[in-house]
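Summary of structural features
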Amino acid sequence: VSISEDNSRVTASLPTGESVEVLLFGATVLSWKTAKGKENLFVSSKAHLDGSKAVRGGIPLVFPNFGPSSNKATEGLPQHGFARTSKWEYLGKSSSESSTLPNSSGDSSVKLDFGLSNTMLDKIPSEWKDYQFGITYSVTLGRDDLETSLAIRNTGEKDFEFQTLLHSYWAIDNISNVSVSGLEKVSFADKVGGGNKEESGAITVSSEVDRVYHVDPSQEIAIIEKDKPRFEFTRDMLPDVVVWNPWIEKSKTMSDLAPEDAYKRFICVETGSVSWNTLEAGDTWEGGQRIKAL
Ligand code: BG6
């Protein structure tokens, strides 16, 4: 396994050629390549990688709130929280044997750990000043899979509430040939049209889509491209799945999304816990996803 790190990013690669690259800003996974160099993550050509803005692409981490803050605990926090715009610390590499997800790829993998605690925040948002936390984010690169998991500890004396989401931008060749399976007949909150709905077949995208599904973690979700599975998701303690694609008009309003047809090149399938979790003082919450690239 080879690892290179500098002040801004950590890159790891396996002897068999697979690699992963993580930007310390946001602990954002920027690149995940499987054998033969195939890139699995989309990053906008106008994404800010200098720490001035959350990265448009890769896997930004949503914590402690999803979307605009919507409850008392997070009132006043920025959209999707502060984890994706904070500089994380690289804690080092370790063995992946501790994986909690079934069928992980064992020895031929490397786990990179990243840490963030309240003492590391540039500016502690006033709404969050009373809380103390420590997060370990582990990114495990396997031969044909990637695991991203979180351990969130409440190190203070006050309980807090949080939401979290692995806001992943999956690289695809063309959105017109893509569908998401595993969400058939599951009710979703429609953030575009409003209300709760469900669909009987696999989800396809031909206009702006922004949906929150609540679906048991045992249900496998897959991104299908040209009738073949391209990404398969296994979830641990993450009961929600957001499906997002801005389509044409919304893309035009996003100054950091490029090229012009970028919306064709990615689909966000974001696993997380969007229902509020209460983390009691002294407790730890753990959850994660494993994605198999095919
Ligand atoms: C998705 C949300 O998770 O993220 C969308 O469901 C949102 O509503 C999208 O537009 C992108 O958010 P941002 O803050 O990265 O532009």
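Here, every reference points to the structure presented above.
What you see is a predicted model; the values in this text were computed from it and never measured. (Residues numbered from 1 in each chain as written. Predicted model: local features only at pLDDT ≥ 70, side-chain atom pairs only at ≥ 80, totals over all residues. Heavy atoms only, no water.)

With respect to the sheet that holds strand β10 (residues 145–154)
Pairing is antiparallel in the open sheet, where 9 strands are placed in the order β7-β8-β9-β10-β22-β19-β18-β13-β16. Looking along the sheet, the strands with just one partner apiece sit at the ends: β7 (89–94) and β16 (203–204). With 9 bridges connecting them, strand β9 (residues 133–141) and β10 associate as antiparallel partners. What sits directly across from Thr 140, in β10, is Glu 147. (Pairing = 2+ DSSP bridges. Helix = DSSP H or I, 4+ residues; strand = E, 2+ residues; numbered from the N terminus.)

Description of unusual backbone geometry
Here the bond from Phe 63 into Pro 64 is cis, since omega is 0°, no more than 30 degrees from zero. Here Pro 64 shows up in the loop between β6 (61–62) and β7. Here the amide bond leading from Ala 258 into Pro 259 is cis, since omega sits at 0°, within 30 degrees of zero. Among the structural elements, Pro 259 can be located in the loop between α1 (247–252) and β21 (266–279). Residue Lys 185 is not a glycine yet carries a positive backbone phi of 60°. Within the element layout of this structure, Lys 185 appears in the loop between β13 (178–181) and β14 (188–190).

Focus on the site of the ligand
Residues in close proximity to the ligand include Arg 56, Phe 66, Gln 79, His 80, Arg 84, His 167, Lys 191, Asp 210, Val 242, Trp 244, Lys 250 and Glu 270, which together make up its full environment. Asp 210 is positioned with one of its side-chain polar atoms (N or O) 2.5 Å from an oxygen atom of the ligand. A distance of 3.2 Å separates an oxygen atom of the ligand from a polar side-chain atom of Lys 250. Relative to its unbound accessible area of 400 Å², the ligand is 86% covered by the protein chains. Partitioned by chemical class, the residues of the shell around the ligand number 3 nonpolar, 3 polar and 6 charged. (Near = heavy atom within 4 Å. Polar contact = N/O pair within 3.5 Å; in protein donor to acceptor, adjacent residues only side chain to side chain. Areas by Shrake-Rupley, 256 points an atom, 1.4 Å probe, with all protein chains shown as cover. Nonpolar A, V, L, I, M, F, W, Y, C, P; charged D, E, K, R; others polar.)

A few points about the pattern of salt bridges
Counted according to the given criterion, the structure contains 11 salt bridges. Here Glu 199 and Arg 211 are joined by a salt bridge, their closest N and O atoms 2.9 Å apart. Taken as a pair, Glu 199 in the loop between β15 (196–197) and β16 and Arg 211 in strand β17 (residues 209–214) lie far apart in primary sequence, 12 residues in all. A relative accessible area of 27% means that Glu 199 is categorised as partly exposed. For Arg 211, a relative accessible area of 11% translates into the label buried. Among the charged side chains, a salt-bridge network with shared partners connects Lys 53, Arg 56 and Asp 256. (Salt bridge = Lys/Arg side-chain N within 4 Å of Asp/Glu carboxyl O. Buried < 20%, exposed > 50% of the residue type's maximum accessible area, 1.4 Å probe, protein only.)

So, the sheet that holds strand β4 (residues 28–34)
The strand order across the open sheet formed by 5 strands is β1-β2-β3-β4-β5, and the pairing between neighbours is antiparallel. Two strands bound the open sheet, and with one partner strand each, they are β1 (2–5) and β5 (38–39).

Comments concerning the packing of aromatic side chains
For the structure on display, the rule yields 23 aromatic pairs. When the ring of Tyr 169 is compared with that of Trp 244, the centres are 6.1 Å apart and the planes differ by 90°; the resulting orientation is edge-to-face. Taken together, the residues Tyr 169 in strand β12 (residues 169–171) and Trp 244 in strand β20 (residues 240–245) connect sequence positions 75 residues apart. Looking at Trp 244, the relative accessible area reads 8%, which means it is buried. A ring pair is formed by Phe 188 and Tyr 213, whose centres lie 5.0 Å apart and whose planes are at 45°; its orientation type is tilted. On the criterion of sequence distance, the pair formed by Phe 188 in strand β14 and Tyr 213 in strand β17 is long-range, its members being 25 residues apart. Each member of the pair, Phe 188 as well as Tyr 213, carries the same accessibility label: buried. Three or more aromatic residues joined by ring pairs form one cluster here, namely Phe 63, Phe 82, Trp 128, Tyr 131, Phe 133, Phe 160, Phe 162 and Trp 285. (Phe/Tyr/Trp six-rings, centres within 6.5 Å; stacked < 30°, edge-to-face > 60°.)

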